[in-house]
Amino acid sequence: MSSLRRKQGFLVVISGPSGAGKNTVVNELGKRLDRIRYSVSATTRPPGPGEVDGVHYDFVTHDEFQEMREAGELLEWATVYGNFYGTPRRFIEETTAEGYDVILDIDIQGARQVRSRWPAGIFVYLMPPSMEELWRRICARGRDSRDAINSRFNLAWDELEAVFDYDYVVVNSNLDEAVDNLRAIITAERSKVARCDLVGFIKNLKTNRRCNSSE
Ligand code: 5GP
């Protein structure tokens with residue numbers, strides 16, 4: 001019996017306002033779905049409490065970020081809340097070539113760039129259940145100053161309409177359900193005929209048929 005392989009992995013781009021719960025959903029998804037890897041972004045912002053270099057982000061200086069940009073090492077980059085963030089290209093190319101899907105937690109500016117440079121990706125917008133809940137979650141993180149909280153929250157109002165540029169929307173009112181929805185979206189995408197190596201699979205099936213009929 002042969003298994004159905006995919007030609008290569010795809011990108012799952014997930015965006016949504018600060019506090020929508022992207023980190024939590026993505027972390028939980030990694031525990032419930034196989035053959036998916038998280039793309040670690042480079043950023044010039046300082047590490048927050050509990051954040052580990054190389055795990056949550058590659059924390060780099062402005063000069064290092066500039067060098068990465070100029071060397072063409074970033075698939076996309078953007079300025080978010082006054083800091084630079086970017087997605088290293090090489091990890092994505094190597095990992096998708098190995099047949100793993102790669103999940104990118106990036107802002108809406110970055111998602112637009114990925115859409116034009118890597119159109120075979122899927123784009124998912126994570127919606128907060130309400131603005132009150134969004135405010136509560138941003139405050140509860142305990143990472144940002146009052147000014148930063150205000151600016152993240154104010155930006156969130158303007159970012160809501162960006163959902164129309166995405167393929168899927170998941171409302172994160174309940175973590176379990178949100179992760180299940182995201183998993184279902186990715187599972188369905190994996191079954192798309194265009195993404196599977198059916199030529200090899202059918203060839204294999206036909207070999208087996210010849211074996212059976214000669215028995
Ligand atoms: P935070 O500082 O809260 O971790 O992230 C701030 C925002 O930057 C979030 O909306 C997050 O999705 C976005 N972000 C994280 N990494 C990247 C990246 O590599 N590129 C872009 N464009 N945005 C990113």
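Everything numeric here is computed off the predicted structure, so don't read it as measured data.

J.: Sorry, what's going on with the overall build of the protein chain here?
T.: Looking only at helices and strands, the protein chain features eight helices and nine strands. Projecting the C-alpha coordinates of the protein chain onto the three principal axes gives extents of approximately 75 × 40 × 30 Å. When each of the 215 residues of the protein chain is scored for burial, the buried share is 45%. Within the structure as shown, the protein chain displays about 12000 Å² of accessible surface, and the carbon and sulfur contribution to it stands at 51%. Placing the 29 positive and 32 negative side-chain charges of the protein chain at their respective mean positions leaves the two points 8 Å apart.

J.: How should the pattern of salt bridges be read in this particular structure?
T.: Any two side chains of opposite charge can pair if their charged atoms end up close together. Applying the stated criterion across every chain yields a total of 18 salt bridges. The partner of arginine 6 in a salt bridge is aspartate 101, with the nearest N and O atoms 2.9 Å apart. Of this pair, arginine 6 sits in the segment before β1 (11-15) while aspartate 101 is found in strand β7 (residues 101-105), placing the two residues 95 residues apart along the sequence. Residues participating in the shared-partner salt-bridge network are Glu28, Lys31, Arg32, Asp176, Asp180 and Arg183.

J.: Looking at this model, I keep getting lost on the environment of valine 25. Mind explaining?
T.: As for its position among the elements, valine 25 is in helix α1 (residues 22-32). On a C-alpha basis, the gap between valine 25 and alanine 140 in space is 16 Å, while along the polypeptide they are 115 residues apart.

J.: Is there a simple way to think about the nonpolar core in this case?
T.: Generally speaking, soluble globular proteins have nonpolar side chains that are buried together. Residues Leu11, Val13, Ile92, Leu104, Val114 and Tyr125 are the most contacted members of the largest nonpolar core, which totals 24 residues. Mapped onto this core, the elements with two or more residues apiece are β1, β7, α4 (108-117), β8 (122-127), α5 (131-140) and α6 (146-159). With near-sequence residues (within four places) excluded, isoleucine 92 lies in contact with Leu11, Ser39, Leu75, Thr87, Val102, Leu104 and Trp118. One finds Val26, Val179, Leu182 and Ile185 within the second-largest nonpolar core, a separate group that totals 19 residues.

J.: Quick question: what am I supposed to make of the pairing of β8 here?
T.: Regular strands show a simple pattern: their side chains alternate between the two faces of the sheet. A large share of β8 lies buried, amounting to six of its six residues. The alternating pattern of β8 places Ile122, Val124 and Leu126 on one face and Phe123, Tyr125 and Met127 on the opposite face, and all of these are buried. Bridge count between β1 and β8: four bridges; the pairing is parallel. Paired with valine 13 across the bridge in β8 is phenylalanine 123. With four bridges joining them, β8 and strand β9 (residues 168-171) adopt parallel strand pairing. Bridged to tyrosine 125 within β9 is valine 169.

J.: How should the sheet that holds β9 be read in this particular structure?
T.: Sheet strands line up and pair through hydrogen bonds in the backbone, either parallel or antiparallel. Strand order in the open sheet made by the five strands is β2-β7-β1-β8-β9, with parallel pairing throughout. Of all strands in the sheet, those with a lone pairing partner are β2 (36-38) and β9, marking the two edges. Strand after strand, the sheet turns through a mean of 25° between neighbouring axes, direction not considered. Each of β1, β2, β7 and β8 is contacted by α1, which is oriented at about 165° to β7, the strand it contacts most.

About the thresholds
Residues numbered from 1 in each chain as written. Predicted model: local features only at pLDDT ≥ 70, side-chain atom pairs only at ≥ 80, totals over all residues. Heavy atoms only, no water. Helix = DSSP H or I, 4+ residues; strand = E, 2+ residues; numbered from the N terminus. Buried < 20%, exposed > 50% of the residue type's maximum accessible area, 1.4 Å probe, protein only. Areas by Shrake-Rupley, 256 points an atom, 1.4 Å probe, with all protein chains shown as cover. Lys, Arg positive; Asp, Glu negative; His and termini not counted. Charge placed at Lys NZ, Arg CZ, Asp CG, Glu CD. Salt bridge = Lys/Arg side-chain N within 4 Å of Asp/Glu carboxyl O. Core = buried A, V, L, I, M, F, W, Y, C linked by side-chain atoms within 4.5 Å. Contact = heavy atoms within 4.5 Å. Pairing = 2+ DSSP bridges. Axes fitted to C-alpha atoms, helices over the stretch in contact; angles between N-to-C directions.

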